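# Commentary on secondary and tertiary structure
Chain by chain, the residues:
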Amino acid sequence: MFSAILVMAGIGLVLGGVLGWASIKFRVDDDPLVEKIDAILPQTQCGQCGFPGCKPYAEAIAKGEADINKCPPGGEEGVKHLAELLGVEPKPLGEGLEAKPKAVAVIDENMCIGCTLCIQACPVDAIVGAAKQMHVIVADQCTGCELCLPPCPVDCIHMEVIKEDVATWKWRYPIHMMKRVE
Amino acid sequence: MSRKLFTCNGGVHPEGHKDASSGTPIVILPLLPRYVVPLRQHIGAPARALVRAGDAVLRGQMIGAAEGYVSTAAHAPTSGRVVAVEPHEVPHPSGLTDLCVVIESDGLDQAVEFQPLDWRNLDPSALRNRIRDLGLAGLGGAVFPSFIKLNPEGAGIDTLILNGAECEPWITCDDRLMRERAAEILQGVAVMRHMLGAREVLIGIEDNKPEALAAMRAAAAADVEVVAVPTLYPTGGGKQLTYILTGRETPTGGRSTDVGVQVFNVGTAYALHRAVALGEPMLSRVVTVTGHVAAPGNYEARLGTPITDLLLAAGGALPGSIGKLVGGPMMGFDLEDNAAPLTKAVNCIIVKHSSLFPAKPAVLPCIRCGACARACPADLQPFEMYWFARAKDFGKAQSYDLFDCIECGCCSFVCPSHIPLVDFFRFAKSEIWERERHKHDADQARARHEFKEFRLEREKQEKAEKLAAKVAENKARDAAAAAGVAETAADPEAERKKAILQAALDRAKKAREGVTPRNTENLPPAVEKQISEIEARRAESGAAQPETDPPRAES
């Protein structure tokens, strides 16, 4: 009787020890769900979701504090992917949020006074320039977040929608007439 | 025939229509008044324009330089003046415009001095760079920059295959080129062989071109084997021809170089010969103009020739034509605008007529007959890929090796329900490419955003550290000052500075006191009186007096 209890308690202790050791050894630092959500988000870092960047929004979704339909740059497609990942029903974009075609910011070089305010606002360091020097936006790095527009004191930045060119053109979804079967 | 040939699965036998254009010799197009040269005529990055509107150019002058690795140059087709560097219609399925150099000919056709290449003795890398700057790209249709394909490093190529199969219906430009210029083609092959170090050279020609076979055999050296391959579409596909001639199957997602084979089109070999023997850049190509035109045939036209002029050279489209095809009927696309110019990629223009290209029957649902899978030369299952592409489930479509599809059109050709299968595959491919692009952009943006946050944090920390150091320093100084006032007072340097400062202040004060207004001497009594009145008023109001400093805001 006692030996049986001792054996069981022993096994329990050993296994518990192993589990305890494993939980320290194989500890997952970051919440893997946050990473997965962050991978779906478009990384524009625009803050339209009400969080200061894509990662904080991903964290909020993971904690259940934010809805999945707050990301306009991700669009309906992004909401669908998030819904799939989280096992919830997809829903339309939140009120007042609207998906826009992808655009890049362009500085009017004749008007720029070199104040560096837009450089400080850019979340991805896509603006090059120095104090009292003309600034320029690296179009390839620009996420189109529009965060540089409000700080500009002379309103010299505007958004230009990226046009489709021969390199980025996509074949359209084939639409064809189906024969009517009587 | 000694060589054992292998048989590809699948393939179809569409009606050839080759006789329409193969009977007459290649006609060289006369000089035209205007050329439009696109800067993106090849796969990869477009060339960077080297000229501006108003510049004078000569024939063969480089007007666009290769930009990045996968790119090649563009050249002026004749001498004249650059009218514009602007977006212009190009032969592309999208019908979109692309950056082109528009050149107005001066009628003189003066050329720059061409330097033949000493290909046997030139350093391989230097030779490849010269070939890049001569603008060579594959003329078979994929227009991949040739200088990259001619780099043997790391590829381990032992076999060079020259593709003269020309399996697509209607097209006969390679056929005519082989019949008329076999010797030049083979000289180009010798250069390719030298550059690649290939042991074996095979030239694959479909057996429906006996004249081309005979001409090539007559011109070929003993160590070059000209092989007649059975006529079956798409024998001219690079991977298919490789398998038929060598039995080596290209692995999924790979290229023929993975099995030690490099494939070039006969037209590319001809252009390479002209490049090394004459030093001439890629300025023209042979193009088939056929279908519903007055004089179907093959035309050697300069790159940049507007397709309108090409059609005019072929006698113009006959009445009743219903549009034009660029390329063949299996893989080609509809031309949106005749203003688009001839590029390195365009091997054929077909003018359509309803009797030759009847309207496609209405589409019926897929009946899962499997005819497409039997016809597929890449051993894929088109019907499975179709389901997923139609449902926009691209991941699943990709898991059926969508990217091994060569878009040959065999599946659409045999489908009893007339489903445009290839259209779905092209759609799915471009969607997947776009996703990859977006993902790449997002990854880059994430990394840059994270770095910015890290940088801001670091700057904040550095500032805090600097401040802390300063505070500590001030504290130490104050402590030192409190500890020994005498010490600081005794500092001879500080004393000296203080003395100098005091002396300067004294001098300034003295100077100020000494100054009297000069315009108050020898004045008439009336003015004197006025002055004294003003002085009196000033004293009364208690305003600033001339001797004292003006009142200052409290600091």
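Thresholds, definitions, all that
Residues numbered from 1 in each chain as written. Chains lettered and ligands numbered in written order. Predicted model: local features only at pLDDT ≥ 70, side-chain atom pairs only at ≥ 80, totals over all residues. Heavy atoms only, no water. Core = buried A, V, L, I, M, F, W, Y, C linked by side-chain atoms within 4.5 Å. Buried < 20%, exposed > 50% of the residue type's maximum accessible area, 1.4 Å probe, protein only. Helix = DSSP H or I, 4+ residues; strand = E, 2+ residues; numbered from the N terminus. Contact = heavy atoms within 4.5 Å. Arc of directions from axis to C-beta. Buried area = accessible area lost by both parts, 1.4 Å probe. Salt bridge = Lys/Arg side-chain N within 4 Å of Asp/Glu carboxyl O. Polar contact = N/O pair within 3.5 Å; in protein donor to acceptor, adjacent residues only side chain to side chain. Domains from an automatic or database assignment. Nonpolar A, V, L, I, M, F, W, Y, C, P; charged D, E, K, R; others polar. Pairing = 2+ DSSP bridges. Axes fitted to C-alpha atoms, helices over the stretch in contact; angles between N-to-C directions. pLDDT = per-residue confidence, 0-100. Phe/Tyr/Trp six-rings, centres within 6.5 Å; stacked < 30°, edge-to-face > 60°. Lys NZ or Arg CZ within 6 Å of the ring centre and 35° of its normal. Parallel < 35°, antiparallel > 145°, perpendicular 65-115°, else oblique. Left-handed = near helix turned anticlockwise from the far one by under 90°.

Our focus in this paragraph is the nonpolar core. Residues and elements named next belong to chain B. One finds Leu162, Ile185 and Met216 to be the most contacted residues of the largest nonpolar core, which totals 53 residues. Broken down by element, this core gets its largest block of residues, eight residues, from helix α5 (residues 182-196). If we ignore the near neighbours within four places in the chain, the residues touching Leu162 are Ile185, Val189, Met192, Leu202, Ile203, Gly204, Met216, Leu241, Phe264, Asn265, Val266 and Ala269. In terms of nonpolar packing, the next biggest core, distinct from the first, is built from 24 residues, Cys366, Leu380, Tyr386 and Val422 among them.

Residue and element names in this part refer to chain B. Listed as buried for helix α2 (residues 124-133) are Leu127, Arg128 and Ile131. End-on, the buried residues of α2 take up no more than an arc of 100°, which puts them together on one face. Against the buried residues of α2 lie α3 (146-149), α5 and α8 (266-278). Gly135 sits one or two residues past α2 and shows a positive phi near 75°.

Facing the 34 residues of chain A at the interface are 35 residues of chain B. Considering only the side of chain A, the residues that lose the most area to chain B are Val166, Trp171 and Tyr173 of chain A, jointly responsible for 24% of the buried surface there. At the junction of chain A with chain B, the criterion picks out five salt bridges. Asp38 of chain A is the salt-bridge partner of Arg446 of chain B, the closest N and O atoms lying 3.1 Å from each other. The interface formed by chain A and chain B includes 13 residue pairs in polar contact (both at pLDDT 80 or more).

Turning next to the domain arrangement of chain A. Residue and element names in this part refer to chain A. Assigned domains within chain A: domain 1 (32-86) and domain 2 (101-170). Using only C-alpha atoms to locate each centre, domain 1 and domain 2 end up separated by 24 Å. In this complex, domain 1 contributes four residues to the contact, which on the side of domain 2 involves five residues. On the domain 1 side of the interface with domain 2, the three residues burying the most area are Thr44, Gln45 and Cys46, jointly 89% of the side's total. Run the count over domain 1 and domain 2 and you get zero salt bridges. Across the contact surface, domain 1 and domain 2 share one residue pair in polar contact (both at pLDDT 80 or more). Residues belonging to the side of domain 1 that touches domain 2 are distributed by class as follows: one nonpolar, three polar and no charged.

Let us look at the pattern of salt bridges. Tallied over the entire structure, the rule returns 34 salt bridges over all chains. For the salt bridge of Asp158 of chain B with Arg248 of chain B, the shortest nitrogen-to-oxygen distance reads 3.1 Å. Here Asp158 of chain B, found in the loop between α3 and β9 (159-164), pairs with Arg248 of chain B, found in the loop between α7 (238-246) and β12 (261-265); they are 90 residues apart in sequence, far enough to count as distant. On the basis of relative accessible area, Arg248 of chain B is assigned to the partly exposed category, the value being 23%. A network of salt bridges, in which partner residues are shared, links Asp38 of chain A together with Lys439, Asp443 and Arg446 of chain B.

All names here are of chain B. The antiparallel open sheet is built from four strands, whose spatial order is β2-β8-β7-β4. In this open sheet, the two edge strands, each paired with only one partner strand, are β2 (34-38) and β4 (56-57). By the bridge criterion, nine bridges tie strand β7 (residues 80-89) to strand β8 (residues 97-105) in an arrangement that is antiparallel. Following the sheet pairing, His88 is matched in β8 by Asp98.

Residue and element names in this part refer to chain B. Within the sequence span of helix α6 (residues 210-219), burial applies to Ala212, Leu213, Ala215 and Met216. Take α6 and look down its axis: the buried residues cluster within an arc of 165°, on one side only. Looking at the buried positions of α6, the neighbouring elements they touch are β9, α4 (173-180), α5, β10 (200-206) and β11 (224-229).

The next thing to look at is the sheet that holds β11 of chain B. Strands pair in a sheet through their backbones, by hydrogen bonds, and they do so in one of two ways: parallel or antiparallel. Residues and elements named next belong to chain B. On the basis of which strands lie adjacent, the open sheet formed by four strands has the order β11-β10-β9-β12 and parallel pairing. Lying at the two open borders of the sheet, with one neighbouring strand each, are β11 and β12. Averaged over all neighbouring strand pairs, the angle between strand axes comes to 25°, with direction disregarded. Here six bridges tie β10 to β11, and the two strands are oriented parallel to one another. Paired with Val201 across the two strands is Val224, which belongs to β11. Strand contacts of α8: β9 and β12, with the helix running at about 80° to β12, the strand carrying the most contacts.

For chain B, per-residue confidence averages 90 on the pLDDT scale, and residues scoring 70 or more make up 94% of the total. Of the regions scoring below 50 in pLDDT, residues 545-555 of chain B engages in three contacts with residues more than four places distant in sequence or in other chains.

This paragraph deals with the packing of aromatic side chains. For the structure shown, the criterion picks out 14 aromatic pairs over all chains. Relative to Phe147 of chain B, the ring of Tyr69 of chain B has its centre 5.7 Å away and its plane inclined at 80°; by these criteria the two rings are edge-to-face. Of the two residues, Tyr69 of chain B sits in the loop between β5 (62-65) and β6 (74-75) while Phe147 of chain B sits in helix α3, which places them 78 residues apart along the sequence. The class of Tyr69 of chain B is partly exposed, set by a relative accessible area of 49%. Among the aromatic residues, those joined into a ring-pair cluster are Tyr173 of chain A together with Tyr386, Trp387, Phe394, Phe424 and Phe427 of chain B. Here the basic side chain of Arg132 of chain B rests over the ring of Phe147 of chain B, its NZ or CZ set 5.8 Å away from the ring centre.

With that settled, consider the packing of helix α2 (residues 32-40) of chain A against helix α4 (residues 75-86) of chain A. All names here are of chain A. Close contact between α2 and α4 brings their axes to 9 Å; oriented N to C, the two are set at 160°. With respect to each other, α2 and α4 are oriented roughly antiparallel. As α2 packs across α4, the resulting crossing turns out to be right-handed. Listed contacts from α4 to Leu33, Lys36, Ile37 and Ile40 of α2 are Gly78, His81, Leu82, Leu85 and Leu86. Considered class by class, the residues forming the contact of α2 with α4 number six nonpolar, two polar and one charged.

A few words now on the confidence of the model for chain A. Per-residue pLDDT for chain A averages 89, and the proportion of residues at 70 or more is 97%. For chain A, α4 of chain A is the element with the lowest average pLDDT, namely 88, and helix α1 (residues 2-25) of chain A is the one with the highest, namely 94.

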